Amino acid sequence: MTYIYGASGGSITINVRRSESRDAHQIMKLFAPSTNNMFGRINILHLLERANLAVTVENEKNEVIAHAAFLDYPNVKSVEQNNWEPWLHMYGNSSKCTPLNTLFMHLFVAKPDFAAGCAREIIRTVFNAVQELHFIILSVEKKVDLDPALSLLFIPLPQFKKMYGVQCLVTVCYRKDYVPVLHIRKARIEDRDDITPIFNEMTDTLRTIYGEYFLAELIEAQDEMNHAAVCEVNNTAVGFISLCSEVNVELLNNCFDLRPFHGLRKGPSEKLNALTLRTAKSPVKEDILPSHSEDNADEKKEETNQDETNRAPHSDIRNQVTERAENSQVVSPRLTDAPNVFCIQLFCMDEKYETRSQDFLPYIFNLYPDRDFCIMTVPHVVPEFPLLKEFVRVVPYSKTTLSHELYVTHRKGLLKSFVVRLATFDDTKGIELLVRSLELQHSILADLSTYNQSRRDVNGTPIQVIVADVLSEIVGIAVIRNEENIEYIRSHYNIENFIYFNHHQREEHGHLYHFALNPIFYHYTRHFLKEILRITLKSCLYYPVYPKSSQNEVQSPHVHSLTSALHFLVPVRRRRQIIYPLEQLGINAPSKRITKEKPKYALNHINRKLTLEPKVTINSRIVVVGASEIGISFLETLVFCPHLRFNNITLISTCAIPESHSSTSCRRFQARSHSYEHDDYTLMSLQSWVNMVVGKMIGIDRAAKHVIVTGGTKVPYEYLILCTGQQFQVPYLTGADTKSTNKDVIVDPDKQFSENVPPNFFLLNNHNDCENALDWLKNHSENTKGNIIVYGSTIEAYITINTILSFGIDGSLIHLVKPPTNSNSNCFNSSLVETAVEEALEKAKVSVHSNCLLSQWNDGKVHGQITVSTFTTESEPLILRCVAFFNFDKKKVDYDAFKAINKACLVFDGKLVIDSTFHTNDITIRSAGPLTKYSRRYYADQWSHENFNSKEIGFQLAALMLHLFDPTLEQVTQPPAELDLLVPTYTGCKVKECILPGDYHYLHVSKPGPMTCLDIQKGKPEYGRDIVTGSPSTGNYFQIHLNKYSTVDSITCLSLTPLPVSNYICLYGQHERLLNNLCSRFDEGLISDLYSYLKEPWSLCIYHDRFMEFKQEVRQLVESEKFNVTRPIEELIRQIADGELLVPENTKEFLEKQFQKHGYQKLIERSLLNYLRYNSDHLPMFAWPGVV
C-alpha cells in the first residue's frame, strides 16, 4: 500500500498490481479524448492480451484509478515489431536500448486528479518488477501533446536521422531517476550499526550463536580470501554480503550434480560453450536427468530397482552420467583441477531495495578475478529472494548430506549482450558445438538444415530457428513451427484459462519443438522465450510432453527435445470430453479435428502476458506417501498452480505414478471411481514435476524429519502427507480344526499373517499385483486343472471372477467364498443387481459359498504353494483343493504403515487420527483418505474419508496447504473454538464402475456420506422417487433416483453394452427439469429407454465441462442486486418458503410474473445463447439466432 497526493489536495491509499481481464470495463471508463490522440484507437481487451506487462492502480475501494500497458515493441504502425532497433537508434541517446533492457508504453490512463502520482508509482513498480529494464520508451505523433502526468516523467530524444513516413516524438524514462542501480563498496566497521537491524529482522540465529558483534568481527577479518561489501543509499548501508574463496568443492560434487559447471573447477577452455548443455538435456527440472530414449516422454526417471529405492531424478545418477560422458565430447572435471569458485557466506538486504540485489554481482566478481563461479547455499524453507534470480539451482543427488539448496552463477552470466535473432547459415558450426552433447542433436540439426534450405517442412509447415548470441557465440537455440492442431488444443485443454482465443490469429500460435540454452545463461530463459514470440510474430507457444509406451517407445508423432524451459511454461489442465453418439448426430456432430483420436500428451504453454510474470519458487520438501487418488489429486493441485514452482515434491509409492496402460490392467480387477480416467495420467504428466521413490514406507523419524523406505533410503521432508489408504491384506488363519463351526471361532481383527506369502496367493492392490495376476491367468488359461478360490464379498471379488471367466477358464473350477458379514446390505446396495449377478454366476457354473471363515491352508502347513484351503461354516467345514487363491476380504491399514505410524508416536485409534484440517498430532504431518479417522472430540466416526469423493478430498487438502506457500492467499488462522468442532463437508458424488459376471457393465453414482441400506431408505417419507427403465435380464436396466427436491441423487446402470460413464456422472445433482422435464415425460409414457433418452442431442450441453459454470453464472444473475427491484427473486422465494410473505394467488404463477417483469428471463436467455455460442465447437448441434 502506498499513499499518493492529488492535484487538488488530499491523499489516497493505492495498490499497484498486475492487470486482469476483469479490469477492462473500469479501464475503459478512464479513457479521455487525449487518450486516443496519444495512443490511437485501442481495444483494451486485445491490448491486455498482448501486453508483456500491464499494471493497474486501485484505491482502497478496489476501484481502478489508473492503468498502463507495456510491450516489447513500439506502438508505431510503420515499425515492424521484430525489427524496431534500427528505427529507435535514429534518435539520440538510444544506442544502449536493447530488447533486453527496453519496454514501450502503449497506454496510460488515469483519473485526472491523481494521474501524476499514479504514473510515478507505475513507473517505479515496473522498474522494480523487471530487473533488467533500464529504459521505458513512449512514442507519439509529433503534433500530439503528451499527457501532463507523463511529460514530467519522460524526456524527449532528439531525432538525428529521418525515416520516410515515420514522424514521431520519442521520449524515454530512465531507471536511474526512479530505481537507480545501487552503489557497492567495501564494508567498514561503522556499517555494523546500519546492517545489524536488517539481520535481526530476518533471523536471530547468528546473533545467538556468534554473539552480538559477529558482524563487526566478520568485517574486521577481511583479507585476500574473505571479503565483505555493502550497498548504500544516501550514505546508509542497506545491504550486506560476505564472501569467501575457501570452498569444499569435493563435498559439493559429492552432493550435487555439478558436471554442467565443470565441477566448479578450472576448465581447459574459457569459451562460453566450454560449459556443456546438460541442463538442456534435462529440461524438465534443473534437478533432473533425461531418460535414455530420445524423446520428451518421461521428464523424470523412475527407479524400479527393488533391492534399493532411491529418488527417481537422482537415482543411479552416476552410472547414467558416466555412460553418457563416454559417448559425448564433454570434458569431465578432474580432481587435480584447481577450484574455480567462491561462495557467499552471508547476505541480507533491506526489503525496500531487494530488487536491486543483483547490483552486488559485478563488484564481488571483481574481488576474485581468478574465479569464474559464485555459489550460495540456502535452507529449503527460505523463500527464493531476488538475488537468486541470477543464479541456477543445482541438482542434488539422492543421498546428499547437505540440507540446503545450492545455487551457482558464472562471471559471464552477467553479460548483457544477450542477443536473440533468427538463425543464419553461418550459425551452423556454433549450433553444432552447442548441441554436441544432446541426445537429440541429430534431430535439431536436421531441423536446422530444413530451415536453412527452404524455411518449411515437406508438408509446407513453416519452421523457424532462433538462436541466442553472446559475444558472437551461439549459447541458445529454439526450433518452432506453426501450431496446426489449435482446434484440438482449444477443445481438449483449458487453454482459455490463460488466453482469449478470439484475440489471437491462427498463425500466431506456435509449437515449440526444441529448446536448448547454455546453463550459465539459464536466468535469461524467460527473456529468450519473450524474444522468440516477438521475432517470430507469435503470441502463444505450446510444448507437449508425450508419454512412453510400455515398450519404452515414443508415442509422439514428432520428436521433441527435452526443454530446460519447462519451468517457465505453465502446465495446462485437460478438459473432460463429451462422449458423442456420432452416428445419431450425423452432420450435426463436432468437427473431426475435435473428435478424432490422437496421441495423448500433457500440454505446457506460454504467451506474451506470462513472459514477465515470474513464478514463486518453493524449495520446501513436500513428501507424499501413497499414489492413491487422494495423493494424485493433491499433487495435481500443487503442480497446476500456474504462478508457483515446486522444486522438491516427492511421491513415495510401491509402484510408479499410474499411466494409461497400468490403469487398463487394474480395471480388470478393481472398480473404477472415475476420479481419474485412464488417459488422465498421460494428460497431466506428473512425472515431469514430481520426484518418484519406488518403495514402501517402513519408518518415520519425526525428529530428523525423514521417511525411511524399504532398502534403508531416507527421504527428508518439511511437510509429510500420508495418503496410503487401505489395502487388501493376507487374511489371518484362525487355525480352527475341521470339527469347529463359526460359533466356536473367535476372530481377532488386529492379528496379522506373519508367515511367507504363498506364491499362488494373490493380493491385488496395485498395478504390479494386477499385472502378475493377468500373467498367471494367461499362462494357466488353457491347462487349468484345479480350483480357483476367490475369497471375499466385495465388488472386487465379482470383478475378478468375470476376468477369470474372460480367459476361457471353466466356471465350475471357480469358487466364490464369502466370509460372514454384519452388514444388512450387499456391496451393490441393491437386491436387484445382486440377483442378476448371482444368476450370471449360476449360469457360468461358478460355485458360491456363504458365511465361511478361512481357518487353514494345507492342513496347517503354510510353506510352499496353497493346495488345500479349509473354511469353517455354520455347519460342516468347507475343504477345497485349489491352484490359486484370490483374496478380497476387508481392506485394512497396511501393517508396515501402521508400524511406521505407531513408532513415530502419531495417534492411531484403529486409524490415523486427524483434525478437521487434516493435521495429525504433528503439525508437519498431514493425512487424508481411508487411512484416517476424525478425532473422537468431533463425534464423527461414521464420516470417514472413504465415504467421500477422493479427488475432492485431495483438492481440499492441497488448498489448505497452499496458504503456506502462495503469497496471494491469506495465511490461515486458527478457526474459532465452536467451528473447530465441525468436520468439513464434501459434495462430490461417489462413483463405482466395473464389469461384473455376465459381462454386465455396472455403474453406480451416489451421494457422498455413509452408505445406508436401500430398503431402509425407501421406507423414509423423504425418499423421493425412482425413474426406472429396462431390466437386468434384457441388459438395459437404468435407474435414476430423485430426492425430495427432484434432483438426481443416485444413478444405477446394468447394461450389456459399454456405458458413457463420464456423461452419466454429469447428471448427478441436476434437477429433473433440466433433464428435459424428465418426470412429466416419464409419467406420460414418453420414455421407454433412459439410455436412448440420454443420448438425444438436447442432453449434450449438460455433459459439457463448462455447464456447471454456466449454472453458477445464472445463479449469480438471479442473486444479483443490479436489477431495479426492491427484492431479488431469490429473496422472494426465501420469504415465501419461510412464511414471511403471503401470496394470494398461485405461488408459481406469482414468481413467474416477477421473473418476467424484472427482466430476469431476457438476461438468462442471453446468457444461455452466449454459453452455446462460446462452446459451439463442442455443441454444434444447437442453433441460435443468426445461425438459422
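Position numbers for residues start from 1 in each chain and track the written sequence from start to end. Note on the predicted model: pLDDT of at least 70 is required for a residue's local features to be given, and 80 or more for side-chain atom pairs to be given and counted; whole-chain, interface and lining totals, by contrast, use all residues. To obtain the side-chain values, all non-hydrogen atoms of the structure were included, while hydrogens and water were left out.

The next subject is the packing of helix α33 (residues 1107-1119) against helix α36 (residues 1160-1174). Where α33 contacts α36, the axes come no closer than 10 Å and their chain directions differ by 160°. The angle between the axes of α33 and α36 places the two elements in the roughly antiparallel class. Considering how the two elements wind past one another, α33 and α36 form a crossing that is right-handed. Seen from α33, the contacting residues are F1107, F1110, E1113, V1114, L1117 and V1118; seen from α36, they are Y1160, L1163, I1164, S1167, L1168 and Y1171. Interaxial angles span 0 to 180 degrees and are taken between N-to-C directions of axes, which are lines fitted to C-alpha atoms, for helices over the stretch in contact. Only DSSP runs of H or I covering at least 4 residues are called helices, and only runs of E covering at least 2 are called strands; the numbering of each starts at the N terminus. Any angle that falls under 35 degrees is termed roughly parallel, while one over 145 is termed roughly antiparallel, one within 65 to 115 roughly perpendicular, and all others oblique. It is the rotation of the near helix from the far one that decides the hand of a crossing: anticlockwise by less than a right angle makes it left-handed, clockwise makes it right-handed. Contacts are residue-level and defined by heavy atoms, with any inter-residue pair within 4.5 Å sufficient.

A few words now on the confidence of the model for the chain. Every residue carries a pLDDT, the predictor's confidence in it, which falls somewhere between 0 and 100. For the chain, the average pLDDT comes to 87, and 90% of its residues sit at 70 or higher. Taken as a whole, residues 278-330 scores under 50 in pLDDT and shows 178 contacts with residues more than four places along the chain or in a different chain. Low pLDDT, under 50, characterises residues 550-555; the stretch is placed with eleven contacts to residues that sit more than four places away or in other chains.

We define a salt bridge as a side-chain nitrogen of Lys or Arg found within 4 Å of a carboxyl oxygen belonging to Asp or Glu. Going through the model one piece at a time under the given rule, you end up with 47 salt bridges. R393 is the partner of E405 in a salt bridge, and the nearest nitrogen-oxygen pair spans 2.8 Å. Of this pair, E405 sits in strand β17 (residues 404-410) while R393 sits in strand β15 (residues 392-393), and the two are twelve residues apart along the sequence. With a closest N to O distance of 3.3 Å, R672 and E993 form a salt bridge.

So, on to the environment of H523. In this fold, H523 is placed in the loop between β21 (509-517) and α17 (525-535). Exposure classes here rest on a 1.4 Å probe applied to the protein chains alone. A residue is buried below 20% of its type maximum, exposed above 50%, and partly exposed in between. A relative accessible area of 12% places H523 in the buried class. Sequence-wise, H523 and V392 are 131 residues apart; in three dimensions their C-alpha atoms are separated by 7.0 Å. The residues touching H523, leaving out its near neighbours within four places in the chain, are K389, E390 and G413. We define a polar contact as two N or O atoms separated by no more than 3.5 Å, with the added condition that, inside protein, one atom must be a possible hydrogen donor and the other a possible acceptor, whereas residues neighbouring each other in sequence contribute only through side-chain atom pairs. For H523, the side chain forms a polar contact with the main-chain oxygen of G413, separated by 2.9 Å.

A sheet is described by the order of its strands in space; here eight strands give the open sequence β1-β2-β3-β4-β5-β6-β8-β7, paired in mixed fashion. Edge strands, defined here as strands with exactly one partner in the open sheet, are β1 (2-5) and β7 (155-156). Being paired, for any two strands, means DSSP has found at least two bridges between them. Bridge count between strand β4 (residues 64-71) and strand β5 (residues 102-110): six bridges; the pairing is antiparallel. Within β5, the position partnered with L71 by the bridge is F104.

The next thing to look at is the sheet that holds strand β35 (residues 761-762). An order of β35-β42-β36-β37-β38 is seen for the five strands of this open sheet, with the pairing classed as parallel. Single-partner strands in this sheet number two, and they are β35 and β38 (847-849). The pairing of strand β36 (residues 788-791) with strand β37 (residues 814-817) spans four bridges and is parallel. Across the sheet, I789 pairs through a bridge with H815, a residue of β37.

Note on aromatic contacts: the rings of Phe and Tyr and the six-membered ring of Trp form a pair at centre separations within 6.5 Å, being stacked when their planes are under 30 degrees apart, edge-to-face when over 60 apart, and tilted otherwise. As enumerated under the stated definition, the model contains 45 aromatic pairs in all. Judged by centre distance (5.1 Å) and plane angle (50°), the rings of Y546 and Y601 are tilted. Note that Y546 is positioned in the loop between β22 (540-545) and β23 (570-572) and Y601 in the loop between α19 (592-595) and β24 (602-607), a separation of 55 residues in sequence. Considering the side-chain rings of F898 and F908, the 5.0 Å spacing of their centres and the 65° angle between planes classify their relative orientation as edge-to-face. Pair noted here: F898 is in helix α26 (residues 895-903) and F908 is in the loop between α26 and β44 (912-914), with a separation of ten residues, a long-range link. Given a relative accessible area of 25%, F898 falls into the partly exposed group. Following the ring pairs from residue to residue traces out a cluster consisting of F753, F761, Y791, W857, F871 and F885.

Summarising the element assignment, S740 is placed in the loop between β34 (727-728) and β35. Reaching out from S740, the side chain makes a polar contact with the side chain of D737 at a distance of 2.8 Å. When sequence neighbours within four positions are dropped, the list of residues in contact with S740 reads T872 and S875.

In terms of burial, strand β13 (residues 341-349) is a largely internal element, eight of the nine residues being buried. Here six bridges tie strand β11 (residues 236-244) to β13, and the two strands are oriented antiparallel to one another. Bridge pairing links L243 to I344 in β13. For β13 and strand β14 (residues 373-379), the ladder comprises three bridges, and the chain directions are parallel. Of the residues in β14, the one forming a bridge with C343 is I375.

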